[in-house]
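Residue-level listing of the chains:
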Amino acid sequence: MNLVIQSAAPLSDDHLRLLTALAGGTHAERLDAHALRVREASPSQRADIAAYCRTHQLDYAYVPLRRLADFGLVAMDMDSTLITIECIDEIADFCGLKAQVAAITEAAMRGEITDFNESLVRRVGLLAGLDANVLANVYEQRLRLSPGAQAMLDGARAAGLRTLLVSGGFTFFTERLKSRLRLDFTRANTLEIVDGKLTGRVVGEIVNGDVKARTLLDTCAQLGIEPSRAIALGDGSNDVPMMAAAGWSVAFRAKPLVRERASCALDHVGLDGLLRLFD
């Protein structure tokens, strides 16, 4: 296993020296100003590495000896992963219900509400009667890509990976991002709109955690690759099944439940931190 350490700020020589000694590897190399790799690091030092990185706000990952090009698919959650916002919370802000909807969203993402379908139905129901033009306002005025998102996608494509955006959010946003970012596949929920107004209902099957996992598996089958060649990125409890189905998973600025179950976590660097993990 290699140990990859990353930082939002440039890594000092002191960090390089101390982490190399602490990791018990054969040698260390700088990947760039913000990252280093310790070759053949000892997993028995994981607790000490975790404590050091927590103290100094560093991200770490024990990574098998694989190249990024060994993978064939990167699957991403949308809200609070590929983008910085929760779209449904921002939609609710236009009818004065952001705090109420955001509280349900947060509880669902933390795993405190175990029935994602029920939580989505409750939240979408609160939007009934809202002018559908609000969706465009959210996209144009509030939606921003997460740090490193474009670089991560460019790097993944350069390595030959296909891209999947699978979201418990809404097709209004995933389809626009698909076109804007040249994504290969998307899956999300469809808001029902009648006479220019949101009805407060979702059309068709709700994209919950199980559907996310199934979508990843179906996409792998379509591409003719094993799920072990998929990377999944997410932040909420409904991403856990998809992440478990993939060969490698990244908890991006995620809830504690997700960090505990992921292959690694990126809490401080951007999504392009994924590119530094593999040779």
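Source: prediction; values computed, not measured. (Residues numbered from 1 in each chain as written. Predicted model: local features only at pLDDT ≥ 70, side-chain atom pairs only at ≥ 80, totals over all residues. Heavy atoms only, no water.)

1. Examining the sheet that holds strand E5 (residues 73-76)
Item 1. Strand order in the open sheet formed by seven strands is E8-E7-E6-E5-E9-E10-E11, and the pairing between neighbours is mixed. Sheet topology places strand E8 (197-203) and strand E11 (264-266) at the edges, where each strand pairs with a single neighbour. Pairwise comparison of adjacent strand axes, ignoring direction, gives a mean angle of 25° for this sheet.
Item 2. Where strand E9 (residues 230-234) meets strand E10 (residues 248-252), four bridges bridge the pair, whose relative direction is parallel. Note on E10: the bridge partner recorded for Ile231 is Trp248.
Item 3. Taken strand by strand, helix H10 (residues 209-223) contacts E5, strand E6 (162-170), strand E7 (185-194) and E9, and its axis lies near 155° from that of E6. (Pairing = 2+ DSSP bridges. Helix = DSSP H or I, 4+ residues; strand = E, 2+ residues; numbered from the N terminus. Axes fitted to C-alpha atoms, helices over the stretch in contact; angles between N-to-C directions. Contact = heavy atoms within 4.5 Å.)

2. Considerations on the pairing of E6
Item 1. When you tally the buried positions in E6, you get eight out of nine residues, the bulk of the element.
Item 2. Bridge count between E5 and E6: four bridges; the pairing is parallel. Paired with Ala75 across the bridge in E6 is Leu164.
Item 3. In this sheet, E7 lies alongside E6 in parallel orientation, the contact comprising four bridges. From the neighbouring strand, Phe170 faces E7, where its bridge partner is Asn189.
Item 4. Between the parallel pair E6 and E7, the chain is carried across by helix H9 (residues 171-181), and the sense of this crossover is right-handed. (Buried < 20%, exposed > 50% of the residue type's maximum accessible area, 1.4 Å probe, protein only. Right-handed = clockwise from strand over helix to strand, strands pointing away.)

3. A look at the pairing of E8
Item 1. Summarising the sheet, E7 and E8 pair through four bridges and their orientation is antiparallel. Bridge pairing in E8 links Thr190 to Val203.
Item 2. With antiparallel pairing between neighbouring strands as the criterion, E7 and E8 make up a hairpin whose turn holds two residues, including Asp195 at a positive phi of roughly 55°.

4. As for the nonpolar core
Item 1. The biggest cluster of nonpolar side chains holds 56 residues, and the ones touching the most others in it are Ile91, Phe173 and Ile231.
Item 2. Once residues lying within four places of it in the same chain are set aside, the contact partners of Ile91 are Leu127, Leu130, Val134, Leu135, Val138, Phe170, Phe173 and Leu198.
Item 3. The next biggest cluster of nonpolar side chains, apart from the first, holds 21 residues, and it includes Ile225, Ala230, Val258 and Ala262. (Core = buried A, V, L, I, M, F, W, Y, C linked by side-chain atoms within 4.5 Å.)

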